[in-house]
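Reading the structure
These are the residues of each chain, in order.
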Amino acid sequence: MNWWVKRTGQALFTIWAVVTITFVLIRGLPGDPGDRIREQAQRHNPDMSQAALERLIEARIPASYDDPVHVAYWEYLTSVMRGDLGYSTFRRAEVAPEIASVLPWTVLIMSLSTALMFAIGLGLGALMAYKEGSRFDTAMTGASIFFNSIPYYVAAVLLIAFLGYRLSVFPARGTHSDATDPGLSAHFIFDALYHATLPTLSFVITGFGIIALTMRGNSIQTLGEEYIRVAKLRGIPDRRIALRYVGRNAILPMWTTLLISIGFMFGGAIILEEIFQYRGMGWLMFRSIEHNDIYLMMGTFLIVTIAVVIALWIADATYGWLDPRIKSGDDSESY
Amino acid sequence: MTVNRTDEPSDDEPGSGDAGSRFDGSALFDRDTDGTDREYRADGGQSAGGGQMFSDSEFTDVTMGQRLSEVFYQSIYEPFVVAWEDWRTKVGLSIISLYLLLGAVAWVSTSEFLILDRITIIEPARGDGPIRLAPFQDWSYPLGTDMIGRDLLAAMIHATPRMLQMILAGAVFATVVATVVGTLAGYKGGITERALMTIADVLMTIPGLPLVIVLIVLIDPSSPYLIGIIIVVNAWAGLARTIHSQVLTIREHSYVEASRTMGIGTPTIIRKDLLPNLMPYILINFTSMARRVIYDSVALYFLGVISVNTIENWGVMMNIGYENNALIIPEVSHLLFVPMVFVVGLSFGLILFSQGTDRLFNPRVRARGSGSTKSKDDEEITTGGGAL
């Protein structure tokens, strides 16, 4: 089968599966949804009034709940395809445009941090492999492990406390200052990047370590290959060996790491945005949880997942161009 | 021959051993008068008599105990000795043991089980101390107290058992599911492989944290075991993928083919031929799953997605600190920093441990570390190098 068709089919299948999961979750888990919400509310907030409880139940149970499952499913599927994700009771607006207005901010900090993290990690890892066993290598290995063991949200809290409040060098919250108007002006772009600094730093500081360590391991392994020895014997300049022979082969296995980190960063962004009060997808998702706004919550989940699926599809598609050796077919024998 | 397969898989066996057994085989082969089984001999079977190689008992029968001790020796003891040579493993394991000890202390203190009922090493935190005491001021409250006078050290220690339960449930669930799916898909191939790997691919693409948040909000679990399992609800997929690709290479080895030719069933082949090779790898991934459970659970408690009223989790304590403006007011900042130190400490221990065991999978790193360790790969390289 053509690899492209297969990969695209898989992406579409994933999106369909996620829409179905979303439907199942909105439609509710087994048992009467009203009772479950009532019991939940009583556990967390015993002195909630009866009227408020009824309103809550009404908000969380979709109107189509009385329809038979297949009808409701078809309706949901078609409305999602049309881009209709339901009505948000908390924002008092359609869900889809609400999400579209915050998505760019999440993509901004996501791509900034991924790019920086990999640039620093790959460079440092290669350098460590080159100086393997030196004091620099030992120190950086220790530092990489240490920084990697700090959860990104802990780093975020520390950065806010020190750089945000104590020293006040970077803004601790928000996507841009109120004074600047969104637009394509240099001033606005600078302001947005300035506000994105701390969220990005929290990811980069805690994430570069594992990339550096993996890159170091890969490079050391590649340095031991015989073609490197042959290249040296042929008198190829060191610089060319480092970039073309070692670098390229050591980076290739990292592609999978990149794929995995895309999903991870999108998830992490949700936590970070809440800490930084950064008005992106995560911020919106937490507001929807706070206000029991189930359509908004499922909408953000759906959009985040679709964004990840698309990102992975692009990354996968470019891999064949990076490494022409990938096989297209499935050549394993069935037992 | 049937049973001796268990000790053949290791790549670490020096080449001389192989040659020896092969030599034995050919010697027997010469003595053989009955020519029927000749073609089976060539791969180093060690049977003594001719013609009855599958029913031979004297050499090939291994008792259950021997087999168990062999598996233990090869997949636990030997890797452990190799890994222990690295300082990272030593430090990492000590840190992990320290947390297990804390968990045990808290468990004994609160347990109502027989005699343990009467032993209380550290009292659970109650609000009876001075309010907002900073750490290292009063040694009856070493890590200070919170806004209502609860001892932070006691609270931290008593949160440990729940954390450990959650970590254990999540890590066990993820590794077991991943191993079963990965080996089955890798070994069976065909439609099973395609179906299982498609499921894994789909789950892998869904970003974990948003899915976990949605599930937790809708299910609203309170059992630490359930929370642990929900957190890794799709994390196992990535591990299943890597195990799958490892199985794909292992299943091409001749000893697996030999088992298959002899008509041994799939579950037995997976258990005896494939799993012993994968064991170290699975153990390492157990620690990374554990780390993931710590990260995500603390984050979810910290941001109040999982709601509890007691301070039974490090994340909840961070939440309390955060809500009380520990970021802005330096006097209460320890409410935030003390739990952070505990989280980072455990995670640091787990990373060190898995980094230290890295040499188990990377023969070349291993050979550099200690010159005496030899592996098949290295031998091939040195002979190749000699020819150059």
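Only a predicted model underlies this, so the values are computations on that prediction, with no experimental measurement involved.

What to know about the interface of chain A and chain B
- At the junction of the two partners, chain A supplies 62 residues and chain B supplies 58 residues.
- Of the roughly 5400 Å² buried between chain A and chain B, counting both surfaces, carbon and sulfur atoms make up 70%.
- Along the contact surface separating chain A from chain B lie zero salt bridges.
- Taken together, the connections running from chain A to chain B amount to seven residue pairs in polar contact (both at pLDDT 80 or more).
- Residues that form the side of chain A that touches chain B fall into these classes: 37 nonpolar, 14 polar and eleven charged.

Focus: the nonpolar core
- Tyr153 and Ile275 of chain A together with Ile213 and Trp314 of chain B are the most contacted members of the largest nonpolar core, which totals 162 residues.
- In terms of residue count, the dominant contributor to this core is helix 11 (residues 266–302) of chain B (16 residues).
- Each of two domains, domain 1 (2–95) and domain 2 (103–322) of chain A, supplies a minimum of three residues to this core.
- Apart from the residues lying within four places of it in its own chain, the contact partners of tyrosine 153 of chain A are Ile271, Leu272 and Ile275 of chain A together with Ile294, Tyr295, Val298, Ala299, Phe302 and Met318 of chain B.
- If you look at the next biggest cluster of nonpolar residues, it comprises five residues, including Ile228, Ala231, Ile241 and Val246 of chain A.

As for the environment of alanine 235 of chain B
Residue and element names in this part refer to chain B.
- In this fold, alanine 235 is placed in the loop between helix 8 (224–231) and helix 9 (236–250).
- In sequence terms alanine 235 and valine 293 are 58 residues apart; their C-alpha atoms lie 9.8 Å from each other.
- Those residues in contact with alanine 235 that lie beyond four places of it in its chain are Met289 and Arg292.

Considering helix 7 (residues 152–166) of chain A
- Along its 15 residues, helix 7 of chain A runs 20 Å from first to last C-alpha, staying within 8% of the 21 Å computed at 1.5 Å per residue.
- Largest kink in helix 7 of chain A: about 30°, centred on leucine 159 of chain A.
- Buried within helix 7 of chain A are the following residues: Tyr152, Tyr153, Val154, Ala155, Ala156, Val157, Leu159, Ile160, Ala161 and Gly164 of chain A.
- Check the buried side of helix 7 of chain A and you find it contacts helix 8 (186–223) and helix 11 (254–276) of chain A together with helix 7 (208–219), helix 11, helix 12 (314–323) and helix 13 (334–356) of chain B.

Concerning the UniProt feature "transmembrane region" (unreviewed entry) in chain A
Residue and element names in this part refer to chain A.
- According to UniProt, the positions carrying the feature "transmembrane region" (unreviewed entry) are residues 12–29, 105–130, 150–172, 192–213, 250–272 and 294–315.
- Spanning residues 150–172, this segment combines 65% helix with 0% strand, and its end C-alpha atoms are found 19 Å apart.
- Here residues 294–315 is 100% helix and 0% strand, with 32 Å between the C-alpha atoms at its ends.

Scoring rules and cut-offs
- Residues numbered from 1 in each chain as written.
- Chains lettered and ligands numbered in written order.
- Predicted model: local features only at pLDDT ≥ 70, side-chain atom pairs only at ≥ 80, totals over all residues.
- Heavy atoms only, no water.
- Contact = heavy atoms within 4.5 Å.
- Buried area = accessible area lost by both parts, 1.4 Å probe.
- Salt bridge = Lys/Arg side-chain N within 4 Å of Asp/Glu carboxyl O.
- Polar contact = N/O pair within 3.5 Å; in protein donor to acceptor, adjacent residues only side chain to side chain.
- Nonpolar A, V, L, I, M, F, W, Y, C, P; charged D, E, K, R; others polar.
- Core = buried A, V, L, I, M, F, W, Y, C linked by side-chain atoms within 4.5 Å.
- Buried < 20%, exposed > 50% of the residue type's maximum accessible area, 1.4 Å probe, protein only.
- Helix = DSSP H or I, 4+ residues; strand = E, 2+ residues; numbered from the N terminus.
- Domains from an automatic or database assignment.
- Expected span 1.5 Å × (residues − 1).
- Bend = angle between axes of the 7 residues up to and from the residue.
- UniProt positions renumbered as here; feature names shortened; annotations may be inferred.

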